[in-house]
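Examination of the molecular architecture
The chain contents come next:
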Amino acid sequence: MKKSTPNSSFSFSKIYCSLFGHNYLLSKNVTHHIKEYTCSHCAEQVTTNSRGRLEVMTPKLKEINNALATVHAKKIARNNKVDTTFQAAS
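In this report, the structure presented in the accompanying data block is examined. This is a predicted model, so every value here is computed, not measured.

Further remarks concern the pairing of strand β2 (residues 35-39). Judged from the 5 bridges that link them, strand β1 (residues 24-29) and β2 form a sheet pairing that is antiparallel. Bridge pairing in β2 links Tyr24 to Cys39. In sequence, β1 turns back onto β2 through a hairpin of 5 residues. Both β2 and strand β3 (residues 45-48) contribute to a ladder of 3 bridges, which runs antiparallel. Counted as the bridge partner of Tyr37 is Val46 from β3. Joining the antiparallel neighbours β2 and β3 is a turn of 5 residues, in which Ala43 adopts a positive phi near 65 degrees.

Now the structure itself:
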């Protein structure tokens, strides 16, 4: 006789979130206006879309956010590297 294992999709944290809503915490700043959030109860991941609304994280969105983070980091590094020393007028 086979022993049944509990379904991995059942969890009390998911029930809590379905009753009271998610408690999203900032997990990553992709750019200044795009961020990733993770629910502290059920670990659901979401990101902000182009309109600023939360959208459930998909593999495609993860890839897009990683590419945006790379480009943004290079841009910030390039802007910080600009020499801002001034010479005194003679």
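Let's shift gears to unusual backbone geometry. Phi angles above zero are rare outside glycine, and Ala43 is one such case at about 65 degrees. Residue position: Ala43 is located in the loop between β2 and β3. Using a relative accessible area of 53% as the deciding quantity, one classes Ala43 as exposed.

Quick notes on the rules
- Residues numbered from 1 in each chain as written.
- Predicted model: local features only at pLDDT ≥ 70, side-chain atom pairs only at ≥ 80, totals over all residues.
- Heavy atoms only, no water.
- Pairing = 2+ DSSP bridges.
- Helix = DSSP H or I, 4+ residues; strand = E, 2+ residues; numbered from the N terminus.
- Buried < 20%, exposed > 50% of the residue type's maximum accessible area, 1.4 Å probe, protein only.

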